[in-house]
Amino acid sequence: MAEILYGAPVADAIRERSKKESEALGREGVRPCLALVRIGDRADTASYAAGLKKNAPKSGVLIRSIGLPEDTSAEEAARLLEDLNSDPAVHGILLLLPLPAGLDADALRNRIAPEKDVDGATDLSQAGVFEGKDLGFAPATPRAVMEILHYYRIPVAGKRAVVIGRSPVVGRPLAMMLLRENATVTVCHSRTADLAAAVRDAEIVIAALGKPEAVGAGILGKDQILVDVGIHRKEDGTLCGDADRAQAELSVRALTPVPGGVGAVTTAVLLQNVLEAASRQLKYRREG
Ligand code: NAP
């Protein structure tokens, strides 16, 4: 049976660091604050927002929750983001996606000031991930995957890693992060001709394809580490990932569970980014 790489101890270790940083900022008169912007009334964004609000005190972060109605105009949403950009009491901004139809997510996410872009949503933050520079922030989910690999001391350098999925929020930045740590990275997508061959050859497999329980026994191997980024609610109300856990547990050496894996760490990483943002902003103010 595979070893289970739980997210909870990883998240606890990050939160412990965060709490200390928050206390140090508090001594400087700074109360790290994340503005959580939710437009419309979707169940998935509501549940993510609830998770952040529950976990924020453990990381020493204050949440300013802002809910706008479904019929919010692009101008109103942009004005809100501009106000938050210029508010010195707000250190990070998270615009919860997806937005209601009619709002251009691409245009709005790029309204967030790079120094407050704690989930790496802007083009500038994404360029930073590709260039290996702190231009903004790296998105929280791929960083959470790297935190899990580090915490469980899974070697990355020189290993063959396959990332299944090439979205701008998960697959692509994660491929860059693995590459930066000297993995040999293959990126697969919906047009990959032979996914099974690519996966079979890998030592680290990242499932981020957005298809419930799609990665199964036929393509996994016994010496592999499987990180499952997917999260889906099944008809019976339970959660599952992009990999078939029952099959994977019998196939691979170690895997992250769903729930209780990457998702648990993502929130802690995002809140950690708020502290990093607050520290950077304090430093800029001091340096004038
Ligand atoms: P996405 O935007 O839907 O992207 C899915 C990617 O997978 C695309 O690049 C797509 O290829 C590729 N793909 C689809 N079907 C495939 C197949 N049969 N074989 C190989 N590749 C295939 O999804 P996402 O936003 O990256 O999210 C990925 C997963 O992570 C989802 O399950 C999502 O719920 C989950 N997620 C989890 C967290 C967390 O914190 N745990 C955060 C964000 C997302 P093309 O580019 O060719 O279309």
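Thresholds applied
Residues numbered from 1 in each chain as written. Predicted model: local features only at pLDDT ≥ 70, side-chain atom pairs only at ≥ 80, totals over all residues. Heavy atoms only, no water. Domains from an automatic or database assignment. Salt bridge = Lys/Arg side-chain N within 4 Å of Asp/Glu carboxyl O. Helix = DSSP H or I, 4+ residues; strand = E, 2+ residues; numbered from the N terminus. Phe/Tyr/Trp six-rings, centres within 6.5 Å; stacked < 30°, edge-to-face > 60°. Lys NZ or Arg CZ within 6 Å of the ring centre and 35° of its normal. Buried < 20%, exposed > 50% of the residue type's maximum accessible area, 1.4 Å probe, protein only. Expected span 1.5 Å × (residues − 1). Arc of directions from axis to C-beta. Axes fitted to C-alpha atoms, helices over the stretch in contact; angles between N-to-C directions. Parallel < 35°, antiparallel > 145°, perpendicular 65-115°, else oblique. Left-handed = near helix turned anticlockwise from the far one by under 90°. Contact = heavy atoms within 4.5 Å. Nonpolar A, V, L, I, M, F, W, Y, C, P; charged D, E, K, R; others polar. Pairing = 2+ DSSP bridges.

Engineer: Looking at this structure, I do not really get the domain arrangement of the chain. What am I missing?
Structural biologist: Note: interface size is frequently given as the accessible area lost on complex formation between the parts. Taken domain by domain, the chain comprises domain 1 (31-113) and domain 2 (140-262). For domain 1 versus domain 2, the distance between C-alpha centres works out to 28 Å.

Engineer: Just checking my understanding: could you explain the pattern of salt bridges for this structure?
Structural biologist: Here the idea is simple: oppositely charged side chains can pair when their charged atoms come close. Counted under the stated rule, the structure contains 17 salt bridges. Across the salt bridge formed by Glu276 and Arg280, the nearest N and O atoms sit 2.9 Å from each other. Of this pair, Glu276 and Arg280 are both found in helix α10 (residues 262-287), four residues apart, which corresponds to roughly one turn of the helix. Salt bridges linked by common partners bring Arg17, Arg143 and Glu147 together as one network.

Engineer: Would you mind going over the packing of aromatic side chains with me for this structure?
Structural biologist: Two descriptors summarise a pair of aromatic rings, namely the distance from one centre to the other and the angle between the planes of the rings. Applying the stated criterion across every chain yields a total of one aromatic pair. For the pair Tyr151 and Tyr152, a centre-to-centre distance of 5.0 Å together with 75° between the ring planes defines the contact as edge-to-face. The ring of Phe137 has Arg280 sitting right over it, with the charged end atom 4.1 Å from the ring centre.

Engineer: Can you walk me through the environment of Ala193 in this structure?
Structural biologist: Following the sequence through the fold, Ala193 ends up in the loop between β6 (184-188) and α8 (195-200). Overall, the relative accessible area of 84% leaves Ala193 in the exposed class. Residues Ala193 and Ala89, 104 residues apart in the sequence, show an inter-C-alpha distance of 50 Å.

Engineer: Mind showing me how you'd approach helix α3 (residues 74-85) here?
Structural biologist: An α-helix turns once every 3.6 residues. As a result, residues three or four positions apart point the same way. Across its 12 residues, α3 extends 16 Å between first and last C-alpha, which sits within 8% of the 16 Å expected from 1.5 Å per residue. Within α3 the residues assigned to the buried category are Ala77, Ala78, Leu80, Leu81, Leu84 and Asn85. Buried residues in α3, looked at end-on, bunch into an arc of 160°, giving them a common side. Of the exposed residues in α3, the ones pointing more than 90 degrees away from its buried face are Glu75 and Arg79.

Engineer: Before we go on, may I ask you to explain the packing of helix α6 (residues 140-151) against α10 in this structure?
Structural biologist: To describe two helices that pack against each other, one gives the angle between their axes and the distance between the axes. At their nearest, the axes of α6 and α10 sit 8 Å apart, and the two run at 110° to each other. By the angle class used here, α6 and α10 are roughly perpendicular. Read as a crossing pair, α6 and α10 show a hand that is right-handed. Contacts from Ala140, Thr141, Arg143, Ala144, Val145, Glu147 and Ile148 of α6 reach α10 at Val262, Val265, Thr266, Val269, Leu270 and Asn273.

Engineer: Even after reading the chapter, I still don't get the packing of helix α2 (residues 43-59) against α10, so can you show me in this structure?
Structural biologist: Taken N-terminus to C-terminus, the directions of α2 and α10 make an angle of 60°; their axes are 10 Å apart at the nearest point. Considering their axes alone, α2 and α10 lie oblique with respect to each other. Where α2 crosses over α10, the two elements pack in a sense that is right-handed. Contacts from Tyr48, Gly51, Leu52, Asn55, Ala56 and Ser59 in α2 reach Thr266, Thr267, Leu270, Leu271 and Leu275 in α10. Grouping the constituent residues of the contact of α2 with α10 by class yields six nonpolar, five polar and no charged.

Engineer: I tried to follow the pairing of strand β8 (residues 225-228) on my own but got confused; where do I start?
Structural biologist: Regular strands have side chains that alternate between both faces of the sheet. Of the two faces of β8, the one holding Ile225 and Val227 and the one holding Leu226 and Asp228 are both buried throughout. Pairing of β8 with strand β11 (residues 254-255) involves two bridges; the strand directions are parallel. Its bridge partner lying in β11, Ile225 is registered against Ala254.

Engineer: Would you mind showing me how to read unusual backbone geometry here?
Structural biologist: Of all residues except glycine, most have a negative phi; of all peptide bonds, most are trans. A cis amide bond links Leu97 with the next residue in sequence, Pro98, at an omega value of 0°. Backbone torsion omega between Val258 and Pro259 reads 0°, so that peptide bond is classified as cis. Of note in this structure, Arg153 is not a glycine but carries a positive phi near 50°. Assessed through its relative accessible area of 73%, Arg153 is described here as exposed. The backbone of Asn182 sits at a positive phi, close to 70°, despite the residue not being glycine. Here Asn182 shows up in the loop between α7 (171-180) and β6.

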